[in-house]
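Working through the structure, step by step
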Amino acid sequence: MTPRLLAKKDLGRFIAALAKEAEVWAPVKSTDRENCRFGPVTGAEGICLDCLQTRLPVKELFLPQREILFRFKSDSPARVKPVSDIPARVVFGVRPCDAAALELFDRVFLDPAGDDPYYRHRRERTALIGVACDDPGTACFCTAVGGDPHGTAALDLLLEDIGDRWLCRPLTEKGERLAAARGPAGKDDCAETERRAAAAREQMTFAPDLAQLAEKLAGAFDHEIWEELARPCVNCGVCTYLCPTCHCFDVTDEERHGRGARIRAWDSCQFSLFTRHASGHNPRPTGTTRLRNRTLHKFRYFPHTHGPLLCVGCGRCIIHCPAGIDLRETLETLTATLR
Amino acid sequence: MNTPGRPPLGNPYLPLPVRLERVTVENDARDLKTFELTFSDPGLREKFTFVPGQFSFLGLAGVGEAPFGIASAPHEANLAFTLKKAGHVTTALHELSPGMELGLRGPYGNPYPLHTARGRNIVIVSGGFSFTTLRSVIVHLMRPDRRGDYGRITVVYGARSPGELLYKDELRAWEALPDIDLTLCVDRADGDWPATEGLVPNVLREVAPSAKNAVALVCGPPVMLRFTHPVLEELGFSPDDVYLSLENRMKCGIGKCGRCNIGEVYVCKDGPVFSYRRLRELPGEN
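Residues numbered from 1 in each chain as written. Chains lettered and ligands numbered in written order. Predicted model: local features only at pLDDT ≥ 70, side-chain atom pairs only at ≥ 80, totals over all residues. Heavy atoms only, no water.

Describing the UniProt feature "domain: FAD-binding FR-type" (unreviewed entry) in chain B
- Mapped onto this numbering, the UniProt entry annotates "domain: FAD-binding FR-type" (unreviewed entry) at residues 13-114 of chain B.
- Across residues 13-114 of chain B, the secondary structure splits into 12% helix and 43% strand, with the terminal C-alpha atoms separated by 29 Å. (UniProt positions renumbered as here; feature names shortened; annotations may be inferred. Helix = DSSP H or I, 4+ residues; strand = E, 2+ residues; numbered from the N terminus.)

Focus on the confidence of the model for chain B
- With 99% of its residues at a pLDDT of 70 or more, chain B has an overall mean of 92.
- The ipTM value of the predicted complex is 0.90, and its pTM value is 0.92. (pLDDT = per-residue confidence, 0-100.)

Some points on helix α9 (residues 287-306) of chain A
Residue and element names in this part refer to chain A.
- Its 20 residues place the ends of α9 26 Å apart at the C-alpha level, agreeing with the 28 Å of an ideal helix rising 1.5 Å per residue.
- At His297, α9 shows its largest kink, close to 55°.
- Along α9, 17 of the 20 residues are buried, which leaves the element largely enclosed by surrounding structure.
- Immediately downstream of α9, the backbone of Gly307 shows phi near 110°, a positive value. (Expected span 1.5 Å × (residues − 1). Bend = angle between axes of the 7 residues up to and from the residue. Buried < 20%, exposed > 50% of the residue type's maximum accessible area, 1.4 Å probe, protein only.)

Notes on the domain arrangement of chain B
Residues and elements named next belong to chain B.
- Under the domain assignment, chain B is made up of domain 1 (16-108) and domain 2 (121-245).
- The straight-line distance from the C-alpha centre of domain 1 to that of domain 2 is 24 Å.
- Listed as interface residues are 21 residues of domain 1 and, on the opposing side, 15 residues of domain 2.
- Overall, the association of domain 1 and domain 2 removes approximately 1400 Å² of surface from exposure, summing both partners, and the carbon and sulfur fraction of that is 56%.
- On the surface where domain 1 and domain 2 come into contact, there are one salt bridge.
- For Arg135, the salt bridge identified is with Glu76, shortest N-O distance 2.8 Å.
- For the interface between domain 1 and domain 2, the tally reads 10 residue pairs in polar contact (both at pLDDT 80 or more).
- Each residue belonging to the side of domain 1 that touches domain 2 can be placed in one class, and the counts come to eight nonpolar, eight polar and five charged. (Domains from an automatic or database assignment. Contact = heavy atoms within 4.5 Å. Buried area = accessible area lost by both parts, 1.4 Å probe. Salt bridge = Lys/Arg side-chain N within 4 Å of Asp/Glu carboxyl O. Polar contact = N/O pair within 3.5 Å; in protein donor to acceptor, adjacent residues only side chain to side chain. Nonpolar A, V, L, I, M, F, W, Y, C, P; charged D, E, K, R; others polar.)

Topic: unusual backbone geometry
- In this chain, Gly106 of chain B is followed by Pro107 of chain B through a cis amide linkage whose omega measures 0°.
- For Pro107 of chain B, the position within the fold is in strand β6 (residues 101-108).
- Cis geometry is found at the peptide bond from Gly271 of chain B to Pro272 of chain B, where omega equals 5°.
- Within the secondary structure layout, Pro272 of chain B lies in the loop between α8 (267-270) and β15 (273-275).
- Even without a glycine there, the phi angle at Ala154 of chain A is positive, about 70°.
- In this structure Ala154 of chain A comes out as buried when scored by relative accessible area, which is 16%.
- Positive phi, close to 50°, is recorded for Asn213 of chain B, a residue that is not glycine.
- Note that Asn213 of chain B resides in the loop between α6 (200-207) and β11 (214-219).
- Take Asn213 of chain B: its relative accessible area is 41%, and that puts it in the partly exposed class.

Some remarks on the domain arrangement of chain A
Residue and element names in this part refer to chain A.
- On domain assignment, one finds that chain A holds domain 1 (4-63 + 84-203) and domain 2 (210-247 + 270-337).
- Relative placement of domain 1 and domain 2: their C-alpha centres are 28 Å apart.
- Of the residues lining the interface, 23 residues belong to domain 1; the matching set on domain 2 comes to 25 residues.
- Carbon and sulfur atoms supply 64% of the area buried between domain 1 and domain 2, which totals about 2100 Å² over both sides.
- For the interface between domain 1 and domain 2, the tally reads one salt bridge.
- One salt bridge in this structure joins Asp98 and Arg316, with 2.8 Å as the shortest N-O distance.
- Taken together, domain 1 and domain 2 are joined by 12 residue pairs in polar contact (both at pLDDT 80 or more).
- Of the residues assigned to the side of domain 1 that touches domain 2, the class counts are 16 nonpolar, three polar and four charged.

Written as structure tokens, this is what we have:
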């Protein structure tokens, strides 16, 4: 697939053209620059590509924080009405780590043994345009977990900065169509992206042996180290809500004036109610057992079942943890302590 | 019957409408009721196939849903579930009367290994109200056209008091039959039921079913399980021939909502029935 070029000054026209065919979503500025969020756009106005990452990862467009599974009327409770279709969408400005997380979601939600029709529908109706990272943040560690600042996982088209233009790298047929109107890039342009990618990789020095750690974690369930690791944790759950790979959810009913809906909403393994039985018995009754479960899910259980780690190194859990827990330190401590 | 049943619908979150046909109060405390259901769409009963040990979600619009083991046998006309009034879903379900509609999703999970147990003796050990899916097993095995497929059937089933035993009429009928060895036990006996006094693991030791060519199917509260394993080991059961059914809180039933895991397995889709050998490999988190 031929790499193409998009002049930055043409972004507005590019977005407007996309918006004729589909709903376009992009990181949108808010008063707090750190708090960009994916929102609908029709041109370049409001799009923020200066901020490294949106506070909420792009997962919210595929597994919304709260979504209606179906509606019902109380006088005929079993006659349920499924939710309607969504329009075709293009999401612009996705960072490679957040996109890579969708590939991990696919393993859970597009499992042939139990397909999730809501997730599948959103995935199939959405094209993803990524923007490569040339200047990773201080909490970024994608390279340590199999990612790359210029990574292409789950993307249809990757934009790589080469000054006043982007090199557009089509990765799928969908991506090729999105970039079809742009002129082809030259060899020098491609070389420039290689140079920038290498420079970005060099900025991320955290490189533990996580394959080896996954093996060590196999026998670490009863180790006393979990107490120490969990001591600062207040089980607030922010790491799970902001994590691009956390996908646990709750299902509840809401009803008012004879109409209601079954709602799926994000939930967190850090909350005690998450696993508590109706009898009162709780398999994970303490903060330590819950932090252990989250860590083992990401670095032992998921890789054991699916292969890759359930972490893309975006660093949100590090930046936003109110107790100052740094997942990189956790992984280093585990690597150093476990045999 | 060797393939577990799977939900007949495309969208796994949409419940199938079912009608409540009959409610039976099972115990003196009146907090255990058996609900017999039929599909509002008769064509769905044909498509809804399951093997004993599988579970379904029952729900009420506006209240929510929760998972329950299927207590009826596959050949019985009505689907049956025995529910203890405990949380908000079961409390609401306990208020229902026959004729009302509710929603059902399923069947889910892996059943008891009845297919591979053909030609073998079956030992069933259960305590409290978890007897439900094992009732499904017993009724399934006792079917005249199937009874010859299996050897001896030994059942040890216990509850706190005689009034807390489930399915009393059936228990009485089984006690009178020659081709099932049923031992009932209670913590405290009273006048109107001739049950042995004693805890399930101790009574199991006395009954001492032979492990030779036998498979043990076990379901009960965690404390019963803890003391039953050593007895089965004493009796010579290999961990490959002991199967347990587990419970955990769950929301989806299809391995996505993330809460019913024990280590890397999900109780909903990798269980709820596990061999004791498999269970021993998992973290002690249940």
